Amino acid sequence: MLPQEHVADFLKERSHILTDFIFDHMTETIDNLTHSETACSFSDLALQNGSENDLQEKLDTSGELSVQSLKIRTLNCDLYHYSPENVQCLNATVLTCPDVTTVTLTNVSNGSHLLPLKNLANLSKLSINLCEDCRDDGLLHYDTGIKPVLEKQGNKIISLELHGFAVVDNRSVGVLCPNIKRIDLFQARLAPLDDSVSEDGQFFRKLEEFIYHLSEDEEVDPDEEASPLSFVLENASALRCLKLTKCAELNDSIISKAIEEHSFTNLEVLQLSECNCVTCEGIESLLFTDNGLKEMKLDNCWGIHNSDFQSCKSFVKKHNLDVNLVWV
């Protein structure tokens, strides 16, 4: 076993080759290192740069750490076994690895897990997966968990994955992350639109991939004046890939409005699964539009029947379109 007091030196000496280093369960992949040793080692490493408060002051004033900071790019943590030591270790890791660009946290159960991420000035890809209890009880909210991070570092975020959040304010994502290219929402519902954010400005103009997977086919509020899904699609003129699952909000009208805005000019892949409110009319409008569509997969969408699909296939064949149609 590598002696505990040598772990920090071991990492620092090899920092130039650890650019894709991954922390899993708060332990590095070096053989025979225990959970507690890793936590202690990174705490020691932070102390070598000064106390956490001193480090925070350095970040706030100069944005730089000492030459002892590590050049790690990827941070991957499973917080299933929650403990204060885990959070302290994450704090120390963030403070001593300021070059991290990609963060994946799974089994997150507390907003305090996310707050250290505000200090990652180079953060560009963020994936947060809540624990099952938080998903069931809605204990961790977008406004108190993710939004503070986006308010600080959202300008550089290009990929955002949020799994298990009861509600996600997509309009604030559009405002805080103007360069976002990929959004993946799993078991997370888009928040109803309100007047809290101005309509002025361009939202989601660089968004290329939008994945929206609901856990169940939720009912759409008929009194809801504006559709949060429509807000995304109407603005996402660069969209190349659209994957929707159990999205009752999607209908022919939303597709038509988005086509009026930008014709889905760049759309290449469309996958709809159990989206029961869209019909053949909406699908045909996409095929009739001049776009780059190459793949369309329709899985168990009740509003689209086999006869409708055959009609679409005939249209594709007649006009010699290079589109792969799949109907399940």
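About the thresholds
Counting from 1, residues in each chain are numbered in the order their sequence is written. Local features in a predicted model are, by the rule used here, given only for residues with pLDDT of at least 70; side-chain atom pairs are given and counted only at 80 or more, and totals for whole chains, interfaces and linings are based on all residues. For side-chain calculations, the full set of non-hydrogen atoms in the structure is used, while hydrogens and water are omitted. Between 30 and 60 degrees the pair is tilted, below 30 it is stacked and above 60 it is edge-to-face, where a pair is any two Phe, Tyr or Trp rings, Trp via its six-membered ring, whose centres lie within 6.5 Å. We count a stretch as a helix when DSSP gives it H or I for four or more residues in a row; a strand needs E for two or more, and each element gets its number in order from the N terminus. Residue exposure (1.4 Å probe, protein chains only): buried if accessible area is under 20% of the type maximum, exposed if over 50%, otherwise partly exposed. The criterion for a charge sitting over a ring is simple: Lys NZ or Arg CZ within 6 Å of the ring centre, and within 35 degrees of the ring normal. We call a set of buried Ala, Val, Leu, Ile, Met, Phe, Trp, Tyr and Cys residues a nonpolar core when their side-chain atoms join them within 4.5 Å. Contacts between residues were defined by any pair of non-hydrogen atoms, one from each residue, lying within 4.5 Å. Interaxial angle, 0 to 180 degrees, is taken between N-to-C directions of lines fitted to C-alpha atoms, where a helix line uses only the stretch in contact. Reported orientations rely on four angle classes, namely roughly parallel under 35 degrees, roughly antiparallel over 145, roughly perpendicular from 65 to 115, and oblique for the rest. Crossing chirality is assigned from the near helix's rotation relative to the far helix, an anticlockwise turn below a right angle marking it left-handed and a clockwise turn marking it right-handed. Paired strands, as defined in this entry, are two strands with at least two bridges between them according to DSSP. For every residue, the pLDDT score states the predictor's confidence, bounded by 0 at the bottom and 100 at the top. Any carboxyl oxygen of Asp or Glu that lies within 4 Å of a side-chain nitrogen of Lys or Arg is treated as forming a salt bridge with it.

A look at the packing of aromatic side chains
Here is step 1: Throughout the structure, instances matching the rule amount to five aromatic pairs.
Here is step 2: Plain terms: the ring middles of F203 and F231 are 5.3 Å apart, the flat faces sit at 50° to each other, and that makes the pair tilted. With F203 in the loop between β9 (189–190) and β10 (209–213) and F231 in helix α9 (residues 228–235), this residue pair connects regions lying 28 residues apart in the sequence. Each member of the pair, F203 as well as F231, is classed as buried.
Here is step 3: Judged by centre distance (5.9 Å) and plane angle (25°), the ring pair of F309 and W327 falls under stacked. Of the two residues, F309 sits in helix α12 (residues 306–318) while W327 sits in strand β14 (residues 324–327), which places them 18 residues apart along the sequence.
Here is step 4: On the basis of relative accessibility, which here comes to 32%, the residue W327 falls in the partly exposed class.
Here is step 5: Feature note: the residues F203, F204 and F231 constitute an aromatic cluster, connected by ring pairs.
Here is step 6: Between R171 and the ring centre of F231, over which it is positioned, the NZ or CZ distance is 5.0 Å.

Examining unusual backbone geometry
Here is step 1: Of note in this structure, N107 is not a glycine but carries a positive phi near 55°.
Here is step 2: Within the fold, N107 resides in strand β4 (residues 102–108).
Here is step 3: One non-glycine residue, K246, lies in the positive phi region at around 55°.
Here is step 4: Mapped onto the fold, K246 is located in the loop between β11 (241–245) and α10 (252–262).
Here is step 5: Accessibility expressed as a relative area gives 22% for K246, which makes it partly exposed.

Quick word on the nonpolar core
Here is step 1: Membership of the largest hydrophobic core comes to 78 residues, with the highest contact counts inside it found for I128, F210 and L250.
Here is step 2: If near-sequence neighbours (up to four positions away) are discounted, L250 is found in contact with L229, L233, L244, I255, L272, C275, C277 and V278.

Description of the packing of α10 against helix α11 (residues 280–288)
Here is step 1: Contact geometry for α10 and α11: axes closest at 8 Å, N-to-C directions at 20°. One element, α10, and the other, α11, form an angle in the roughly parallel class. As for the relative orientation of α10 and α11, their crossing is left-handed in sense. Between α10, through D252, I255 and I259, and α11, the contact on the second element is made entirely by E281, G282, S285 and L286.

Comments concerning the pairing of β11
Here is step 1: Most of β11 is tucked away: four of the five residues are buried.
Here is step 2: Relative to β11, β10 is paired through five bridges, and the arrangement is parallel. Residue pairing in the sheet places I211 in a bridge with K243 of β11.
Here is step 3: Pairing analysis gives five bridges linking β11 to strand β12 (residues 269–273), with the strands arranged parallel. The residue bridging C241 from the neighbouring strand is V269, located in β12.

Concerning the confidence of the model for the protein
A low pLDDT means the predicted coordinates there should not be read in detail.
Here is step 1: Confidence in the prediction of the protein, expressed as mean pLDDT, is 78, and 70% of residues score 70 or more.
Here is step 2: Counted against residues more than four places away or in other chains, residues 1–8, with its pLDDT under 50, gives 16 contacts.
Here is step 3: Within the model, pLDDT remains below 50 along residues 61–67, and this stretch shows seven contacts once partners closer than five positions in the same chain are excluded.

Here we look at the packing of α9 against α10
Here is step 1: At their nearest, the axes of α9 and α10 sit 8 Å apart, and the two run at 25° to each other. By the angle class used here, α9 and α10 are roughly parallel. Seen along the crossing, α9 lies across α10 with a hand that is right-handed. From α9, S230, L233 and E234 reach across to α10, where they touch I254, K257, A258, E261 and H262.

What to know about the pattern of salt bridges
Oppositely charged side chains can pair when the atoms bearing their charge come close.
Here is step 1: This model, assessed by the stated rule, comprises five salt bridges.
Here is step 2: With a closest N to O distance of 2.7 Å, E161 and R182 form a salt bridge. Taken together, the residues E161 in strand β6 (residues 159–163) and R182 in strand β8 (residues 182–186) connect sequence positions 21 residues apart.
Here is step 3: Among the salt bridges present, the one from E209 reaches R182, with a minimum N-O distance of 3.2 Å. In this pair, E209 is assigned in strand β10 and R182 in strand β8, connecting sequence segments 27 residues apart.
Here is step 4: On the basis of relative accessibility, which here comes to 21%, the residue E209 falls in the partly exposed class.
Here is step 5: Taken together, the salt bridges that share partners define one network made up of E161, R182, D184 and E209.

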